[in-house]
Amino acid sequence: QVQLVESGGGLVQPGGSLRLSCVTSGTFFSINTMGWYRQAPGKQRELVATITSGGNTNYADSVKGRFTISRDNAKNTSYLQMNSLKPEDTAVYYCNAVVKKNFDTRDKLYWGQGTQVTVSS
């Protein structure tokens, strides 16, 4: 069974920073793309950032220049460094990972349970 667990959310003032972590655990062959998404109340889940196994990154326009996604392949962990946070960044943040359980099986997308980020004074 593959599990993703996020941590690092919380309450922060506007202009502040938070670092989210997402650990992928279980038995698997490899992890391909890892990503972060968010969902604000009353809105659809949206892409924040993704990073491939080779380190190529992609960001939503709303977070470019403020957020940085990274990964530590040895720890099966992705990170989302969030700087210059704004009230509109308030949302539940979810991580995901495209995982290959065995060398001869298809990739499957897994999601974490989410962590709340609240930006407020």
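Remember, predicted model here, so these are calculated numbers, not experimental data.

## Overview of the nonpolar core
Now for step 1: Residues Trp-36, Val-48, Phe-67, Leu-80, Met-82 and Tyr-93 are the most contacted members of the largest nonpolar core, which totals 30 residues.
Now for step 2: Looking at this core, the elements with two or more residues in it are strand E3 (18-25), strand E4 (30-39), strand E5 (46-51), strand E7 (67-72), strand E8 (77-82), strand E9 (91-100) and strand E11 (115-119).
Now for step 3: A total of five residues in this core trace back to one element, the largest contributor, which is E9.

## Some thoughts on the state of the cysteines
Now for step 1: Applying the stated rule across the entire model yields one disulfide.
Now for step 2: Paired by a disulfide, Cys-22 and Cys-95 hold their sulfur atoms 2.0 Å apart. Disulfide Cys-22 to Cys-95: torsion about the S-S bond roughly 60°, handedness right-handed. You can see Cys-22 sitting in strand E3 and its partner Cys-95 sitting in strand E9, a full 73 residues away along the chain.
Now for step 3: According to the relative accessible area criterion, Cys-22 is buried, its value standing at 0%.

## Some thoughts on the pattern of salt bridges
Now for step 1: Applying the stated criterion to the full structure yields five salt bridges.
Now for step 2: Glu-46 is paired through a salt bridge with Arg-38; the nearest N and O atoms lie 2.7 Å apart.
Now for step 3: Residue classification places Arg-38 among the buried positions, given a relative accessible area of 6%.
Now for step 4: Among the ionic pairs, Arg-38 bridges to Asp-89, the shortest N-O distance being 2.9 Å. One end of the pair, Arg-38, is in strand E4; the other, Asp-89, is in the loop between E8 and E9, and 51 residues separate them in sequence.
Now for step 5: Each of Arg-38, Glu-46, Arg-66 and Asp-89 takes part in a single network of salt bridges with overlapping partners.

## Side note on the sheet that holds strand E1 (residues 3-7)
Now for step 1: The strand order across the open sheet built from four strands is E1-E3-E8-E7, with neighbouring strands paired in antiparallel fashion. Both edges of this open sheet fall to E1 and E7, since each of them pairs with a single strand only. Neighbouring strand axes in the sheet, compared pairwise and without regard to direction, differ in orientation by 15° on average.
Now for step 2: Sheet topology note: the E7/E8 ladder contains six bridges and is antiparallel. Bridge pairing in E8 places Thr-68 opposite Gln-81.

Calculation criteria
Residues numbered from 1 in each chain as written. Predicted model: local features only at pLDDT ≥ 70, side-chain atom pairs only at ≥ 80, totals over all residues. Heavy atoms only, no water. Core = buried A, V, L, I, M, F, W, Y, C linked by side-chain atoms within 4.5 Å. Buried < 20%, exposed > 50% of the residue type's maximum accessible area, 1.4 Å probe, protein only. Helix = DSSP H or I, 4+ residues; strand = E, 2+ residues; numbered from the N terminus. Disulfide = S-S within 2.5 Å. Salt bridge = Lys/Arg side-chain N within 4 Å of Asp/Glu carboxyl O. Pairing = 2+ DSSP bridges. Axes fitted to C-alpha atoms, helices over the stretch in contact; angles between N-to-C directions.

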